[in-house]
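# Geometric and topological summary
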Amino acid sequence: MGRGRLRARVAAVAWTCLFGAGCTTSTELGGVWRSEVEVPGPLIGGGDPVYAELSLGHYGPDVAGLLRFYHDLEFEQPFDSAAPYRACACIFVHKGRWLDATSRLDFQLRGCMPGISPQEPLLVRGELELDADELEGTLRVEEPTSPHFGTEQPLRLVRTGSLGDADLRCEQPESAQEGNRASGR
Amino acid sequence: MKLLLPVAAALAVLLPLASAVAATPTASLASTDVPDAQKRPRRVALLPVKSALGRVSDLFAPERAPEHLALVAGVESSLGDALRTQPYVELVDPAGVRARLGDDHSSRATARLAAERYRLGLEYYLGLAPARAVESLRRSVALYQEIHQDVVGPKSIADAAFMLGVALVDAGNAVAAHVALKDAFALQPERRFRPRFFAPQVEAALSAALADHLSTGNHDRPYGGHERLAALARRLDVDAIVSATVVRDEGGALEVRLVAWRKQRQGFEAEARLPVAGLERSLEPFTSRWLACVPVAEANGAVGPRRRQNSVWMDTSASYALYLRQPTRLSFHSLGFAAGVAVDIRPNLEWFVRMNMYTSLSDPYRDLLHAFNSVRAVAGIGFSLERGRLRLVLQPGLDLHVLGSFIATTDPDCKLYGESHPLCSSATVSNLEADVLVGLNIATVALFDLGRRFLLIGRASTSTYFLPLDGTDRLNFPVSVELGLGYRF
């Protein structure tokens, strides 16, 4: 390697170490994502109209978030968040991982599914791919003891805005009467 | 007889040279009194060589190029070489002198004011108000003198001085006009004018003034007396100043009138009149005898004026830091500023105190929950080493670091919902809020003398914290760099 190339490489590494890290803050997924149309069945839809809202925080390879369900497209009539066990209002996202190379979000949900299990929690795995301002993919039941094991659900969400405190409201596990099992705790 | 002839010839050459050199060795410390390792070069400025070789008959013949310019340049070069080759001499040659004075930003406002006064004087003169013109032009010349414009480039000050003389002629003050024009020729003796540009009485006054300058001008002090040279030495930051004028002696032979001024001596201490023929040969005895009387400063500054004991150094710097051990997965950057004081207590030994204020920005993964501020104080002693304009200091010290709201976690639920949310496990949170870290710091500092006591300062340091015992395993080993400006009192 020539001395010039070596110097250039050292300079590039130093530059990256000093400033590059600060520029790679991945906030691609951070914000609120909503379904534009009624979510179909079988996991979420299938009965009364259901609209889904996914609020995400994105921290490098880690993603945290909350999935909430609404009765209307204006997202003004939530399922009852004060009684999520009964009303299946919201579910916490677990083990959210952002795969930068494939622009894919992997996560788990452990909670109710309004379409097939509005009261009993299910383990559901989600895989959504990012394409511009759209997240599209599937949810799949991975609860081994459930008769719905392997059932899949397509899901398509579009970015609608940034996160606010109100977007993260979900019944606290310890304050719910019987534990917020439906919300994932 | 064969042996006596060469000895007599040698004496014939050496004796006139020896008598021509009038150096007066009065200094208390000779070069050899200081050990070599502690010697510092004596800073000598050589001012542009002047000449008094013009002819009155050429004054109104601008088409005739001055014949002596090459001769003057040659004398200047020989003088520079003679000084440069002397041991422990750091020469600021005429180009360097011009550059230093030209780079001095503090004189620019004065130069602008002098130019404005000159223009105003010219307007008064053209508006037939010679008394006001004289007042303005006098002020212009004084301002130019104040900033040593005659050394930087004499044309502008000579313009004002000649115009002052012309205005005085118009005002009917012949005596003052003669003095002013003679002074103007002292500034720019090779100045020529277009014939019939001025009125006949002005031309006559110019001719008389030049003739007077050539015959009775003070060619031994071409740049003025002690006060002016002392001010010039301060601006140039030199220990001594050498100036010279090339003149014709009574017999018409060319000679160089040399004079050396020294700051510590507070005056002129060596003068010589050397024939231009064989100048290189005769310069060496003059310079070596004069410099033998000029003390060589010790490295600790005991003799030299540039370094003294108990110097106080102050600086303010921009600062950047990162930690080699941190609870975050990627480094977070800390930016801030620092201010410090260092005081010499012995040669090459100082004590210092520094304060740093940092704002630490969140890392790319936002493991650091908030940007936070911290204050850091470092105190210790420094071991310094100086080489020319560069001073290097090694500073070991004690580091006290008060952290602000330092809370870090790798749990994304803590980041999204906050550290008090039930989803956020407290086991994943590193909370060093308001902790005080104590440790040892080591720094290397480079100070570059910018002149006029200003310094450019670069500092690199690292610390290792050992207290509190439960905090240093999470956050430790800060590395910081600083760049700033300082001033030496």
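For the structure, see preceding data.
The following paragraphs examine the structure supplied in this document. (Residues numbered from 1 in each chain as written. Chains lettered and ligands numbered in written order. Predicted model: local features only at pLDDT ≥ 70, side-chain atom pairs only at ≥ 80, totals over all residues. Heavy atoms only, no water.)

For the rest of this paragraph, the subject is the overall build of chain B. Regarding its fold elements, chain B presents 12 helices and 18 strands. Residue burial in chain B is summarised as follows: out of 489 residues, 49% are buried. Taking the intrachain contacts of chain B between residues at least 6 apart in sequence as the baseline, contacts between residues at least 24 apart amount to 67%. (Helix = DSSP H or I, 4+ residues; strand = E, 2+ residues; numbered from the N terminus. Buried < 20%, exposed > 50% of the residue type's maximum accessible area, 1.4 Å probe, protein only. Contact = heavy atoms within 4.5 Å.)

This paragraph deals with helix 11 (residues 279–292) of chain B. Along an α-helix, a turn takes 3.6 residues, which lines up residues three or four apart on a common side. Residue and element names in this part refer to chain B. Here helix 11 contains 14 residues, and its C-alpha end-to-end distance of 20 Å stays within 8% of the 20 Å for a straight helix at 1.5 Å per residue. Regarding helix 11, the residues found buried are Leu 279, Ser 282, Leu 283, Phe 286, Thr 287, Trp 290 and Leu 291. Down the axis of helix 11, the sector holding all buried residues measures 150°, keeping them to one side. (Expected span 1.5 Å × (residues − 1). Arc of directions from axis to C-beta.)

Counting 38 residues, the largest nonpolar core has Phe162(B), Phe185(B), Phe193(B) and Leu206(B) as the members making the most contacts within it. Residue assignment for this core shows that the elements contributing at least two residues are helix 4 (108–126), helix 5 (130–146), helix 7 (155–170), helix 8 (174–187) and helix 9 (200–216) of chain B. The greatest single-element share of this core, amounting to 11 residues, is contributed by helix 7 of chain B. Leu29(A), Ala52(A), Leu139(A) and Leu157(A) belong to the second-largest nonpolar core, a separate cluster that totals 30 residues. (Core = buried A, V, L, I, M, F, W, Y, C linked by side-chain atoms within 4.5 Å.)

This part is about the pairing of strand 6 (residues 117–131) of chain A. Residues and elements named next belong to chain A. Pairing geometry for strand 5 (residues 104–113) and strand 6, over 9 bridges, is antiparallel. Along strand 6, the bridge assignment pairs Leu 105 with Leu 128. Linking strand 5 to strand 6, which pair antiparallel, is a turn of 3 residues. Sheet analysis places strand 6 next to strand 7 (residues 134–141), joined by 8 bridges and oriented antiparallel. (Pairing = 2+ DSSP bridges.)

A few words now on helix 5 of chain B. All names here are of chain B. With 17 residues, helix 5 extends 24 Å between its outermost C-alpha atoms, agreeing within 8% with the 24 Å of an ideal straight helix rising 1.5 Å per residue. Here helix 5 has its buried residues at Ala 133, Val 134, Ser 136, Leu 137, Ser 140, Val 141, Leu 143 and Tyr 144. Packed against the buried residues of helix 5 are helix 4, helix 6 (149–152) and helix 7. Trailing helix 5 by a residue or two, His 148 shows a phi angle of about 55°, which is positive.

We now examine the state of the cysteines. Residues and elements named next belong to chain B. Overall, the coordinates contain 1 disulfide over all chains when judged by the stated rule. Between the sulfur atoms of Cys 414 and its disulfide mate Cys 424 the distance is 1.9 Å. With the S-S dihedral at roughly 95°, the linkage between Cys 414 and Cys 424 falls on the right-handed side. Of this pair, Cys 414 sits in helix 12 (residues 412–417) while Cys 424 sits in the loop between helix 12 and strand 15 (429–431), and the two are 10 residues apart along the sequence. Like Cys 414, the residue Cys 424 is buried in the burial classification. (Disulfide = S-S within 2.5 Å.)

In spatial order, the strands read 1-2-3-4-5-6-7-8 (chain A); together these 8 strands close into a barrel with antiparallel pairing. Between one strand and the next, the sheet's axes are offset by a mean angle of 30°, whatever the strand orientation. (Axes fitted to C-alpha atoms, helices over the stretch in contact; angles between N-to-C directions.)

In a packed pair of helices, the relevant descriptors are the angle between the two axes and the axis-to-axis distance. All names here are of chain B. Two elements in contact, helix 4 and helix 7, have axes separated by 11 Å at closest approach and are oriented at 25°. Looking at the two axes, helix 4 sits roughly parallel to helix 7. The two elements helix 4 and helix 7 cross, and the hand of that crossing is left-handed. For the pair helix 4 and helix 7, the contacting residues are Tyr 118, Leu 122 and Tyr 125 in the first and Asp 159, Ala 160, Met 163, Val 166, Ala 167 and Asp 170 in the second. For the contact of helix 4 with helix 7, the residue count by class is 7 nonpolar, no polar and 2 charged. (Parallel < 35°, antiparallel > 145°, perpendicular 65-115°, else oblique. Left-handed = near helix turned anticlockwise from the far one by under 90°. Nonpolar A, V, L, I, M, F, W, Y, C, P; charged D, E, K, R; others polar.)

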